[in-house]
Amino acid sequence: MIARFLRVFALALLLAVPAVAQDQKAPDYKSFESAATKVEQAVSDGTLSDSRLSEMRADMVKWRATFTDAQGTNGDQITTVKSQIAALGDPPAEGETEDPAIAKRRSDLNAQLAKLQAPGLTAGEAATRADSIIRNIDKLSRERQADKLLRLSPSPANPVNWPAAVSLVRWMGAWILDETRWRFTQPVNYDALRNNAPLIVVLVLLAGILMARGGRWMGRLTEWLLDKTAMRGRNLISGVVSLGQVALPVLGAVLLTTALEQTTLFGPILTQLFATAPAVLLTTLTAWWLGARVFPSRAGAASPLNLGDDGRAEGRVHAFTLGIALGLHQLVTVWIAPRAEDYLGGAAATAADKAEAVAERADAAMAVLQAPLQIFAALVLFRIGQLLRRHGGAASASDDDTAFRFKLMRLIGSAAIAIAAAVPVLSVIGYISAANALIWPALVTLALFAAIAVLQGFVAEFYVVVTRSDDDRREALVPVLAGFLLVLAAVPLFALIWGARVDDLLELWTSFRNGISVGGVRISPTSFITFAFVFGIGYTLTRLFQGALKSSILPKTTIDKGGQNAIISGLGYVGLFLAALIAISAAGIDLSSLAIVAGALSVGIGFGLQTIVQNFVSGIILLVERPISEGDWIEVGSQQGIVKAITVRSTRIETFDRAEVIVPNADLISGQVTNWTRSNKTGRLIVPVGVAYGSDTRRISKILLEIAEAQPLVMMSPEPFVHFVGFGADSLNFEIRAILSDVNFKLRVLTEVNHQINERFAAEGIEIPFAQRDIWLRNPETLRGVMTEPPLAPEETPAAPAPQPEPAAAAAPEPHSVGKPQPGEGVEDVQLSDNDGAEEGDAR
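These figures come from a predicted structure and were not determined experimentally. (Residues numbered from 1 in each chain as written. Predicted model: local features only at pLDDT ≥ 70, side-chain atom pairs only at ≥ 80, totals over all residues. Heavy atoms only, no water.)

Some thoughts on the nonpolar core
Okay, step 1: With 52 residues, the main nonpolar core has Leu381, Ile439, Trp440 and Leu443 as its most contacted residues.
Okay, step 2: Those elements giving two or more residues to this core turn out to be α6 (162-184), α10 (244-263), α11 (268-294), α12 (309-346), α13 (354-396), α14 (403-429) and α15 (432-467).
Okay, step 3: For this core, the element with the highest residue contribution is α13, accounting for eleven residues.
Okay, step 4: Non-local contacts of Leu443, meaning those with residues more than four positions away in its chain, are made with Leu322, Leu326, Ala377 and Leu381.
Okay, step 5: Ranked by size, the runner-up nonpolar core spans 21 residues in total, among them Val687, Ile700, Phe734 and Leu740. (Core = buried A, V, L, I, M, F, W, Y, C linked by side-chain atoms within 4.5 Å. Buried < 20%, exposed > 50% of the residue type's maximum accessible area, 1.4 Å probe, protein only. Helix = DSSP H or I, 4+ residues; strand = E, 2+ residues; numbered from the N terminus. Contact = heavy atoms within 4.5 Å.)

Take a look at the structure:
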């Protein structure tokens, strides 16, 4: 039975889908024409109210969305017909003809294409008109808003305007008293009170408990979590629990308001006051709570501001005062302002001057009531700005890592001080609207900044708890990025706070969704997200394929390590290129419109990036030809070491000093490179040896050959050999030449061979000569006289001794008469001779 029902339901769905598709109709262009004409006339006249303009704008937005959707009508058929026309080839040039059948088919397809494109073109034209109307409405609204901000109200400093405010307050008090007195005299109200008495009593009791004790209970619970527990995340939990200090009293206020409304003993003015009270209390307590989080009273508690205990205490006071100012402004705006015009309108003298008198008296009354509140809020803002500047000045000198944050704090503090200084001046002059547009958004902006800082602290604490890391990880990358995203998410809120309309933000969002046009190519967020998603999939598949090749397939082949790396790198580049092409195609980005722009840019880019392109091409050549591979011992210029990585731009070499050297690939292709281990690891070792004249040369050769053959890494095919290479100035010179099976151990073998040569020569009594020099000096008697003359006693030292003759300069030996010392040698014999006429070149 159930299976039968499911089959019937599925069949109904299949039948309903075409029906729904058939029910879709084209836009009603006649209705749009009539509505658009009326709106254009109303905007031209400029007589409609703001609310009516908003309604008309909303209608035009709906029409524009309808036409925008209709622009894609027949999209698939249009694509098919275009492909058919393209398959026929290019149309004949002027003066040429083509086959009649092809010409007729081309004409039919063009006519069909024009018919298919007509609905989309009509919808596009209508969407453009609707968009133009929307822009005109927005322009008119902004002009009205600007006029309202710059309107000059009666000065609250003028005593002439004070009676209007006094009379307004007196009238509201009298009305509340009379209305309440009248309601208390009506039996029907007592009947309703008796019927609702149980509910009223319960609500009042709950409200009293929550308002009187709820905040204190939550505060004690918060302190207990911080002081008496050591669990991870207690700061986060206590912060969330502390929200109860705001929520419970506000809930009590709501219950109390509900109870008072159930009594039916209060009139509309008091009822409106009761309805406004919870919102006012919420504003005040929220500001107090934010102040407690930004300026904590606990010693050692984390705070976004670097202030002392006195500064934090002052900050908490100013935050609470800020909440009071915002609450009072909310009360004046919501409760008093709507009734000012009603009362003062009835006090107008005659019908002729009624409208003008109402506007003037209401404006004067509200200016007198709002000006003291604005000045009070400006004082609070000024002190908060000073605290922010104090934080920036104190912290910037001690913490370089967060210099930008402190600079931003100083900037915000300076802006707050500037606004606080300007608001009282504007208020006293009479620019009440301009002062309101400055002071209250500034205060709400500071509150929003504080809320972002508190939320970022919660995210950081949550990150520390989840990752089980130390407390110093609160400044890690993830919490910082979370704070950045919070700021970005708050940008629309900042715009709304400073007077931006919701319609303006929606218009920006619509434009953002439609995308921007670059060189005839429209790029929208949807296209970008699609491109990023498809490219991410392609990139992941490429990396997975590379990993499979590297770990599972290529190690089982006979390809050497360098070839495996070349194959993996080449497949990686090909995979990324294909992923980019597929992503561009999936996103619907047509790059043909950018061909001319790309061609023009390629010339300049070619000159600017020719070195990078050269290195890139050289990297491709290195990967294909593989003259060097990872792990090779190479020598490039004055650098030599082991190749660690080959990329498309450069090659990384690790020298024997464990230093990393980055060599551009172009240098490896165009320069001379010595690869010691390219084909194999064998290499020749040459050890020069010198012995004293008179030694048995054949015995020397035999000893050296025995030492060479005794080395494990010396190959016997070809066998090592000892060469008697010549007669030196100080020694008979020999060379050991041997082929090592692994040239990477060349220095170790050389060290061991030198050790054994020294040991064998010492045992065999063979002398290793070293250079000796005799230096002959002219006029040695002068030097001898200076050296043998006894020194004078201190008391016999003349005041101005006669200058002694300077010794003769040493004879400079001829360049060819001084033998070059060997490394580690340089022992010299200095002999003094009386032969004045000795030749300078008698040096051995």
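Continuing now.
Regarding the packing of helix α2 (residues 29-45) against helix α5 (residues 100-149)
Okay, step 1: Axis separation between α2 and α5 bottoms out at 11 Å; the angle between their running directions is 20°. Considered as vectors, α2 and α5 are oriented roughly parallel to each other. Between α2 and α5 lies a crossing whose hand is left-handed. Residues Tyr29, Phe32, Glu33, Ala36, Thr37, Val39, Glu40 and Val43 of α2 form the contact with α5, whose participating residues are Pro119, Thr122, Ala123, Ala126, Arg129, Ala130, Ile133, Asn136, Ile137 and Leu140. (Axes fitted to C-alpha atoms, helices over the stretch in contact; angles between N-to-C directions. Parallel < 35°, antiparallel > 145°, perpendicular 65-115°, else oblique. Left-handed = near helix turned anticlockwise from the far one by under 90°.)

A word on the sheet that holds strand β8 (residues 683-691)
Across a sheet, strands are paired by hydrogen bonds formed along the backbone, either parallel or antiparallel in direction.
Okay, step 1: Spatially, three strands are ordered β8-β10-β9 in an open sheet, and the strand pairing comes out antiparallel. A single partner strand is all that each edge strand has here, and the edge strands are β8 and β9 (721-727). Taking the axes of each pair of neighbouring strands and ignoring which way they run, one obtains an average angle of 25° across the sheet.
Okay, step 2: In the packing of helix α23 (residues 697-709) onto the sheet, the strands contacted are β8, β9 and β10 (732-740), and the crossing angle to β10 comes to about 25°.
Okay, step 3: Running over the sheet, helix α24 (residues 746-764) touches β8 and β10 and is turned about 25° from β8. (Pairing = 2+ DSSP bridges.)

Section: the packing of α6 against α11
Okay, step 1: For the pair α6 and α11, interaxial distance at closest approach is 8 Å and the crossing angle is 105°. Considering the angle they form, α6 stands roughly perpendicular to α11. On the side of α6, the interface is formed by Met172, Trp175, Ile176, Glu179, Thr180 and Arg183, while α11 contributes Pro268, Ile269 and Leu270.
Okay, step 2: Per-class residue counts for the contact of α6 with α11 are six nonpolar, one polar and two charged. (Nonpolar A, V, L, I, M, F, W, Y, C, P; charged D, E, K, R; others polar.)

Brief notes about the sheet that holds strand β3 (residues 633-636)
Okay, step 1: In space, the five strands of this open sheet follow the order β6-β5-β4-β3-β7, with antiparallel pairing throughout. Edge positions in the sheet fall to β6 (660-664) and β7 (673-675), since each has one partner strand and no second. Ignoring strand direction, the axes of neighbouring strands in this sheet form an average angle of 40°.
Okay, step 2: Two elements, strand β4 (residues 639-646) and strand β5 (residues 650-655), share five bridges in a ladder whose sense is antiparallel. Within the sheet, the bridge partner assigned to Ile642 lies in β5 and is Glu654.

Section: the side chain of Ser433
Okay, step 1: Residue position: Ser433 is located in helix α15.
Okay, step 2: You can call Ser433 buried: its relative accessible area is 14%.
Okay, step 3: If we ignore the near neighbours within four places in the chain, the residues touching Ser433 are Lys148, Leu149 and Arg151.

So, the pairing of β3
Okay, step 1: Note: β3 against β4, four bridges, orientation antiparallel. Along β4, the bridge assignment pairs Glu635 with Gln640.
Okay, step 2: What sits between the antiparallel neighbours β3 and β4 is a turn of two residues, in which Gly637 has the positive phi angle 60°.
Okay, step 3: Pairing between β3 and β7: three bridges, direction antiparallel. Considered in β7, the bridge of Val636 is made with Val673.

Examining the side chain of Ser141
Okay, step 1: With respect to the helices and strands, the residue Ser141 is situated in helix α5.
Okay, step 2: Of the residues examined, Ser141 reaches a relative accessible area of 14% and is grouped as buried.
Okay, step 3: Setting aside anything within four residues of it in sequence, one finds Ser141 in contact with Leu53 and Arg501.

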